[in-house]
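Commentary on secondary and tertiary structure
One-letter residues, chain by chain:
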Amino acid sequence: MRKNHTKRERLKRKSDINRVFHEGKAVSCTGVRLRFVPNNLQYNRVVFIPVKKFGNAVERNLVKRHAREAYRQEKDRFTCGGKDIAVLFYPGKKYDFWERREQLLYLFTKAGIISKKSFAD
RNA sequence: UUAACAGACUGGGUGACCGCCGGCGUAUGAAUGUAUACGCUGGAGGAAAGUCCGGGCUCCAUAGAACAUGAUGCCGGGUAACUCCCGGGGACGAAAGUCACAGAGAGUGCCGCAGAAAAUUACCGCCCGCAAGGGUAAGGGUGAAAAGGCGAGGUAAGAGCUCACCGCCCAUCUGGUAACAGGUGGGGCAAGGUAAACCUCAUCAGGAGCAAAGCCAAGCAGCAGAUGGGUUGUUCGCCCCUUAUAUCUGCGGGUAGGCUGCUAGAGUGGAUUGGUAACAAUUCACCCAGAUAGAUGGUCACCAUCUACAGAACCCGGCUUACAAGUCUGUUUUUAUG
RNA sequence: UGGCCGAUAGUGUAAUGGUAGCACAGCAGAUUCUGGUUCUGCUUGUGAGGGUUCAAAUCCUUCUCGGCCAG
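The structure contained in this document is the topic of the report that follows. (Residues numbered from 1 in each chain as written. Chains lettered and ligands numbered in written order. Predicted model: local features only at pLDDT ≥ 70, side-chain atom pairs only at ≥ 80, totals over all residues. Heavy atoms only, no water.)

Some thoughts on the overall build of chain A
In plain terms, the rule: Numbering of helices and strands runs from the N terminus, with a helix taken as a DSSP run of H or I at least four residues long and a strand as a DSSP run of E at least two residues long. Burial classes follow relative accessibility: with a 1.4 Å probe on protein chains only, a residue under 20% of its type's maximum area counts as buried, one over 50% as exposed, and anything between as partly exposed. Note on contacts: a residue pair qualifies if any of its non-hydrogen atoms lie within 4.5 Å across the two residues. Accessibility throughout is a Shrake-Rupley quantity obtained with a 1.4 Å probe, and a residue counts as covered only by protein chains that appear here.
Helix and strand counts for chain A stand at four helices and four strands. Ordering the α and β elements of chain A from the N terminus gives α-β-β-β-α-β-α-α. Burial analysis of chain A (121 residues in total) assigns 40% to the buried set. Sequence-distant contacts, at least 24 apart, represent 76% of the contacts inside chain A between residues at least 6 apart. Just so you have it, chain A exposes about 7600 Å², and 50% of that area is on carbon and sulfur atoms.

Listed below in structure tokens is the structure:
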């Protein structure tokens, strides 16, 4: 499977995002919170949102880029079936790319989007 | 040499792989929109920031005038324009340098406490006089500030009352485009300060802002009020639309999808010419982000070295603020708490 | 993105350029057998830097932080 992450696989509409926030379930760890809700499509859609007080514009962009890169690399492990996912980042300790990647993998496993078997690999 | 100050500049580089956004081309499906694949190509800054100024652009039907309000404030130049820049002058400072630097002799206001008195002053003083009263402002203390300064003459005591020097004002001459500088002559000195208090004078400004504005698609439900209404704080003038299926105001309902605006520009780089300079003109070459929940990231290698401040959102010119490390130029003196 | 406001004790809120007040809270004392009420006293201050002025919370300016409006 090709490891890309295009516009189609992003969550863009305001109404869709509101649906995730109002109807979705949540899992969280330090500094990160993940919300998800099923959709009717064949693929997942995801959005990464640093909160308003997360540093300055450069730091907010960097977090989004790291998260998007981690999501892209690990995309093929995900279970099929559509889910809309929103990931929120809160200010606190600064993490590098690899720490962010571990964090996100942990959260996706906890939410049942990645099966535990594939995470063990 | 070091330090300080001022100014200008750079703001990690090269290669490989995987990915993101735009443009062009080809192919396939599709049907006039676009989707997918491949190839080529472009992809954040000196401050993109703060939004403190100035303009372009768009709309307010079009173009005006006066007042109000606001801004600026030595002179000359530059510029599309400017709270900007360059050059010159003045004041202050030992110097490099710094300075919102018009007017207090048009008017109004304010100047706490202290002090006799904070604006048409007289407490203690000094002098004349028996006293009543008068003449004075040298000395005293207060305060941020107290009626030109210092010296000599003069006088009852004093006083620009007189004189020299300095300061101030007026007239005039010379140099300079001008601000201003210098010289000559005269006045005897106007009765403090504050304009970053109101104000006066001169100059300049219509308002709103790309969520402006226009088009397409989808969708919905109207109701109430005002009569003339229509760009702004007010008024005038001019003109435009319309006498109700009109215009304006308020409340409510619906949609928040796409396209244009959207990047070839007061553009960037080089050369020549003019100018002290800011800058301008001519010519040659180049095309250099255009996202729309918002594109630049990850891994590896080498060199350098621990890499700061920080992310375009209609576009430019400035100012201000943040900044690791490094380069260059100039200036300074009492060799230094600058 | 564009436009517009504000910042005063721990909290809320005053102050013509001239000694920064008031209320609640806090602390100490008095009253009471003890606590409360009440009374007395004290402490805690102009968001940061620079300028104008004899003197700035106030005037000017540059930052910082917070808030509001516009689809």
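Observations concerning the pairing of strand β2 (residues 32-38)
Selection rule: The pairing criterion for strands is at least two bridges between them, as found by DSSP.
In terms of burial, β2 is largely enclosed, as five of its seven residues are buried. Judged from the five bridges that link them, strand β1 (residues 25-29) and β2 form a sheet pairing that is antiparallel. If you follow Cys29 over to β2, its bridge partner there is Val32. With antiparallel pairing between neighbouring strands as the criterion, β1 and β2 make up a hairpin whose turn holds two residues, including Gly31 at a positive phi of roughly 85°.

Side note on the pairing of strand β3 (residues 45-50)
β3 sits mainly inside the fold: five of its six residues count as buried. Note: β3 against strand β4 (residues 83-89), six bridges, orientation parallel. Its bridge partner lying in β4, Val46 is registered against Ile85.

Description of the pattern of salt bridges
Selection rule: We count a salt bridge whenever a side-chain nitrogen from Lys or Arg sits within 4 Å of a carboxyl oxygen from Asp or Glu.
The tally for this structure, following the rule as stated, stands at two salt bridges. Among the salt bridges present, the one from Asp84 reaches Arg45, with a minimum N-O distance of 3.1 Å. Placement of Asp84 in strand β4 and of Arg45 in strand β3 is noted, with a sequence separation of 39 residues between them. Each member of the pair, Asp84 as well as Arg45, is classed as buried. Of the charged contacts, one joins Glu69 and Arg72 as a salt bridge, the two residues approaching to 2.7 Å between their closest N and O atoms. Residue Glu69 and its partner Arg72 are located together in helix α2 (residues 57-73), separated by three residues, close to a single helical turn. Residue classification places Glu69 among the partly exposed positions, given a relative accessible area of 27%.

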